[in-house]
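Analysis of the macromolecular model
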Amino acid sequence: MIDTLYVERGIRQHSRSQAILQRFPAARVIEIGHYGELFNRHRQNFRLQKRRPALILARKQGRLVLPALTEYAIGGEHNHYFSHMLNCLYDCRYCFLQGMYRSAHYVLFVNFEDFARAIEQTLAAEPDENHYFFSGYDCDSLALEPVTGFVDYFLPLFRQHPNAWLELRSKSTQIRRLLESEPLERVVVAFSLSPENIVQALEHKTPSLDKRLAAIVKLQRQGWPIGLRFDPLIYHHDYQRHYQHLFQQVFNQVDPTRLHSVSLGNLRLPEDYFKQILRLYPDEALFAGPLCAHNGQVSYRRELEQEMLDFCMDALRQWVREEQLFPCQ
Amino acid sequence: MIHLLTALPCEARPLIKHYRLRPVTPDSPLRLHANEHLRLAITGVGRDNMAAAVGYLQASGIPREQAAWLNIGVAGHAHKPLGSLGLVHKAQDDRGSPCFYPPLLFHNAPEGAELLTSHTPVNDYPDPHWYDMEGYAFFSQASRFTILELVHALKIVSDNRLNHSEHVSAALVEELVAAQLQAIDEVLRQLAELQQSHADITREPAGLQRCLQQWHFSHYRKKQLQGLLYRLQAMDEEIPWTKLEGKKSAAEVLATLERHLDQVNIVFPTPRSMP
Ligand code: SF4
């Protein structure tokens, strides 16, 4: 899967780097100074690189925990995100990462200890408040779990702090480490779901809807709080039938009464990212849809967005209580 | 088209023979040989010659998005056996300029080589580098003209601590390059495939030229037209030429295409499992 590893000189001896290097004994290993030297370089083609991304092992510097966008909120007031990885194993055509980064290589920041420290400092700053941390902003939280060991490291940390919540946002079925662990009510495993036709047409390399549902069911049975993320909602001909069918499929298997949260999101891309993605995929049907630019964001027309949101919210109310529902505006 | 660059005639000879390249433009300042898919330039030794040759090839009329670049040449290494082949995965120079990391998208790529381009010959070959005199200039020039994925270098060890560079003859270099032709073939094949993918991504949409010939589009409107034609293509829709007949201006053409597109459904095929 990974045949090239770039390693920052400064973290080559880090135990996590060493373990990962051992995992890929046949890979070529290239030492670098700072990941930005190659990751941020101009004149790279994300689409071509996506065919064979390399893994870059790096140290995250600067601010490690940042304020999260309000549309991520799932009931909490203090929302933060941290990115132990940049880029994703999967290749969803609507993903903003393809417009944000010049390179499709995966960057893994191995200094988890520094993230932990930053999380603890954030918690200590307002110890009487609940803090929500989101880890799947610049990557899929679980997709590379066997390589990163993210869950292994961070679960115990969140277990220790009663005011710390974590959302793992994923389309992955890499849930073994979670199943081997005692569920924690403050760690929400949030699965992004789309109708199967969208999965097939736009969510390349991701597990099928059936496989994601099977993973959800296993985790839910074991007691893990589950979040469902219908995000982004994708407009297409007959979308109502496809989303209605999706909700049926989901709630035939998933117990809605035990869900932590269900959120919906619109397709929104910063205009600059959108232009960049369009350059990479000029012939992509998704971008031929009724999109328009407004205030630096590209999205479906306002009334269409609202129509889709209203339809899906109404449909979901058949199964989900109002307080579980979080429509992102 | 792939631009192949070698510093020395003896590096080029096996390639010219193998790929049946014919001399071109006898009055050019560079020695050039070409066939339908490859254009080989013998640049002369050193970074200035390499940089000039890249510039010359770029100016020779092949559109940027239709070209990939490959430097093939000999190099020194501390202990690798003569004839070892390396695909450069990191290139730096002896002036401390930023390194190049060519993205490696090849299947079964040759061994990786960390190249150090030196402006003077290196005799002690400190590890772990491969040493040459023009590779870095090749990367820094060629990457100005295309994406990094399409700029690569293959190096073949011609000298090491046991066989110093003063003993390297033209005949030996020819022999060493000839021995790697199969591997070079494979890299060229995959590079051509990548170049084609890039050309496909950047290809202008069908119908663009016909529209530009028929109506006058400003630069801004041309961009809009391009976007609309791509959208039609993405939806597998024909260009509605009959609706465009009689339109007097670019604005009318754009409005007609917009209206047409608004009526087309975006369909993502329904999976068989769905009732
Ligand atoms: S799973 Fe998420 S992060 Fe990964 S490609 Fe898809 S949208 Fe992007």
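See the structure shown above.
A brief look at the structure comes next. Keep in mind that what you see is a predicted model, and the values were worked out from it rather than measured. (Residues numbered from 1 in each chain as written. Chains lettered and ligands numbered in written order. Predicted model: local features only at pLDDT ≥ 70, side-chain atom pairs only at ≥ 80, totals over all residues. Heavy atoms only, no water.)

1. So, the overall build of chain A
This is how the line gets drawn: Strands here are runs of E lasting at least two residues and helices are runs of H or I lasting at least four, both read from the DSSP assignment and numbered beginning at the N terminus. The globule rule is 2.2 Å times the number of residues to the power 0.38, and the radius of gyration it is compared with is taken over C-alpha atoms. In this scheme, a residue with accessible area under 20% of its type's maximum is buried, one over 50% is exposed, and one in between is partly exposed, where area comes from a 1.4 Å probe on protein chains only. Every residue pair with non-hydrogen atoms within 4.5 Å of one another is taken to be in contact. Using a 1.4 Å probe, the Shrake-Rupley method yields the accessible areas, and only the shown protein chains count as cover for residues. His is not counted, nor are the chain ends, whereas Lys and Arg count as positive and Asp and Glu as negative. Charge coordinates come from a single atom per side chain, which is NZ of Lys, CZ of Arg, CG of Asp or CD of Glu.
If you tally the helices and strands in chain A, you get 13 helices and 18 strands. Its C-alpha atoms give chain A a radius of gyration of 20 Å, within 12% of the compact-globule value 20 Å for 329 residues. Reported as C-alpha extents along the three principal axes, the dimensions of chain A are approximately 55 × 45 × 35 Å. Across the 329 residues in chain A, those meeting the buried criterion constitute 61%. Considering only intrachain contacts with a sequence separation of at least 6, the fraction spanning at least 24 residues in chain A is 75%. For chain A, the computed accessible surface area is about 13,000 Å², with 46% contributed by carbon and sulfur atoms. Taking the 38 positively charged and 38 negatively charged side chains of chain A as two groups, their mean positions are separated by 8 Å.

2. Things to note about the overall build of chain B
The secondary structure content of chain B amounts to nine helices and nine strands. The C-alpha radius of gyration of chain B comes to 24 Å, more than 25% above the 19 Å expected for a compact globule of 275 residues. Across the 275 residues of chain B, 54% fall into the buried class. For chain B, contacts bridging at least 24 residues in sequence account for 70% of all contacts bridging at least 6. A total accessible area of about 12,900 Å² is found for chain B, and carbon and sulfur atoms account for 51% of it.

3. Digging into the interface of chain B and chain A
Selection criterion: Note: buried area is the sum, over both parts, of the accessible area (probe 1.4 Å) each one loses when the two are combined. Each reported salt bridge corresponds to a side-chain nitrogen of Lys or Arg within 4 Å of a carboxyl oxygen of Asp or Glu. Pairs of N or O atoms within 3.5 Å make up the polar contacts considered here, provided that, within protein, one atom can donate a hydrogen while the other can accept it, and that residues adjacent in sequence are counted only when both atoms are side-chain atoms. For this classification, the nonpolar set comprises Ala, Val, Leu, Ile, Met, Phe, Trp, Tyr, Cys and Pro, the charged set comprises Asp, Glu, Lys and Arg, and every other residue, Gly included, is treated as polar.
Every contact between the two is made by 44 residues of chain B and, on the other side, 43 residues of chain A. Across the interface of chain B and chain A, roughly 3,600 Å² is buried in total on both sides, 59% from carbon and sulfur atoms. Counting the contacts that link chain B with chain A gives one salt bridge. The closest approach of N and O atoms between A:R51 and B:E193, which form a salt bridge, is 3.3 Å. At the junction of chain B and chain A, the tally comes to 16 residue pairs in polar contact (both at pLDDT 80 or more). Going through the elements one at a time, β6 (85-93), α5 (181-202) and α7 (219-234) of chain B are the ones with two or more residues in the side of chain B that touches chain A. Residue contributions to the side of chain B that touches chain A peak at five residues, all from α5(B). Partitioned by chemical class, the residues of the side of chain B that touches chain A number 27 nonpolar, 10 polar and seven charged.

4. Some points on the pattern of salt bridges
Residues and elements named next belong to chain A. In this structure the tally under the stated criterion is 31 salt bridges over all chains. The residue R9 makes a salt bridge to E31 at a minimum N-O spacing of 3.1 Å. On the criterion of sequence distance, the pair formed by R9 in the loop between β1 (4-8) and α1 (15-23) and E31 in strand β2 (residues 28-32) is long-range, its members being 22 residues apart. A relative accessible area of 49% places R9 in the partly exposed class. According to the relative accessible area criterion, E31 is partly exposed, its value standing at 24%. The partner of R212 in a salt bridge is E203, with the nearest N and O atoms 2.7 Å apart. Here R212 falls in the buried class, since its relative accessible area comes to 0%. According to the relative accessible area criterion, E203 is buried, its value standing at 1%.

5. With respect to the packing of aromatic side chains
For clarity, the cut-off: Two aromatic rings from Phe, Tyr or Trp, using only the six-membered ring of Trp, form a pair when their centres are within 6.5 Å; if the ring planes differ by under 30 degrees the pair is stacked, by over 60 it is edge-to-face, and anything between is tilted. Any Lys NZ or Arg CZ found within 6 Å of a ring centre and within 35 degrees of that ring's normal is scored as a charge over the ring.
Counted by the stated rule, this structure contains 29 aromatic pairs over all chains. Ring pairs connect the aromatic residues A:F82, A:F112, A:F115, A:F150, A:Y153 and A:F154, which therefore count as one cluster. Its end group placed over the ring of B:F100, A:R41 keeps NZ or CZ at 4.2 Å from the ring centre. A cation over a ring is seen here: A:R93 above A:Y281, with NZ or CZ 3.7 Å from the ring centre.

6. Brief notes about unusual backbone geometry
Following A:D231, the chain continues into A:P232 via a peptide bond in cis, with omega recorded as 0°. Here A:P232 is to be found in strand β13 (residues 226-233). Of note, the amide linkage connecting B:D127 to B:P128 takes the cis form, showing an omega dihedral of 0°. Considering the arrangement of structural elements, one finds B:P128 in the loop between β7 (112-117) and β8 (130-132). Unusually for a residue other than glycine, A:K205 sits at a positive phi of about 70°. The topology assignment puts A:K205 in the loop between β12 (203-204) and α10 (209-222). Of note, B:R20 is a non-glycine position whose phi angle comes to about 50°, a positive value. Following the sequence through the fold, B:R20 ends up in the loop between α1 (9-18) and β2 (22-24).

7. Remarks on the side chain of A:S141
Residues and elements named next belong to chain A. Looking at the element boundaries, S141 is found in the loop between β9 (131-134) and α6 (145-148). A polar contact of 2.7 Å, which involves the side chain of S141, links it to the side chain of S135. Ignoring anything within four residues of it in the chain, the contact list for S141 reads H84, S135, G136, F150, E167, L168 and R169.

8. A closer look at helix α7 (residues 150-160) of chain A
Helical geometry note: an α-helix holds 3.6 residues per turn, so side chains three or four residues apart project in the same direction. Residues and elements named next belong to chain A. Our working definition: What the arc measures is the spread of directions leading from the helix axis to the C-beta atoms.
Taken as a whole, α7 has its buried residues at F150, V151, F154, L155, L157 and F158. Along α7, the residues classed as buried sweep out an arc of 165° about the axis, all on the same side. Here the buried face of α7 lies against α5 (112-125), β9, α6, β10 (164-170), α8 (176-179) and β11 (187-192).

9. Remarks on the site of the ligand
We count it as follows: A molecule or strand has a residue near it when one of that residue's heavy atoms lies within 4 Å.
Near the ligand the following residues occur: A:C88, A:Y90, A:D91, A:C92, A:Y94, A:C95, A:L97, A:C139, A:D140 and A:K171. A class-by-class count of the residues in the shell around the ligand yields seven nonpolar, no polar and three charged.

10. Section: the sheet that holds β10(A)
Backbone hydrogen bonds hold the strands of a sheet together, and the pairing may be parallel or antiparallel. Residues and elements named next belong to chain A. Short version of the rule: Between any two strands, pairing holds if DSSP finds at least two bridges.
Strand order in this open sheet of eight strands is β4-β5-β9-β10-β11-β13-β14-β18, and the pairing throughout is mixed. The strands lining the two open edges of the sheet, one partner per strand, are β4 (66-67) and β18 (325-327). Pairing between β10 and β11: five bridges, direction parallel. From the neighbouring strand, L166 faces β11, where its bridge partner is V187.

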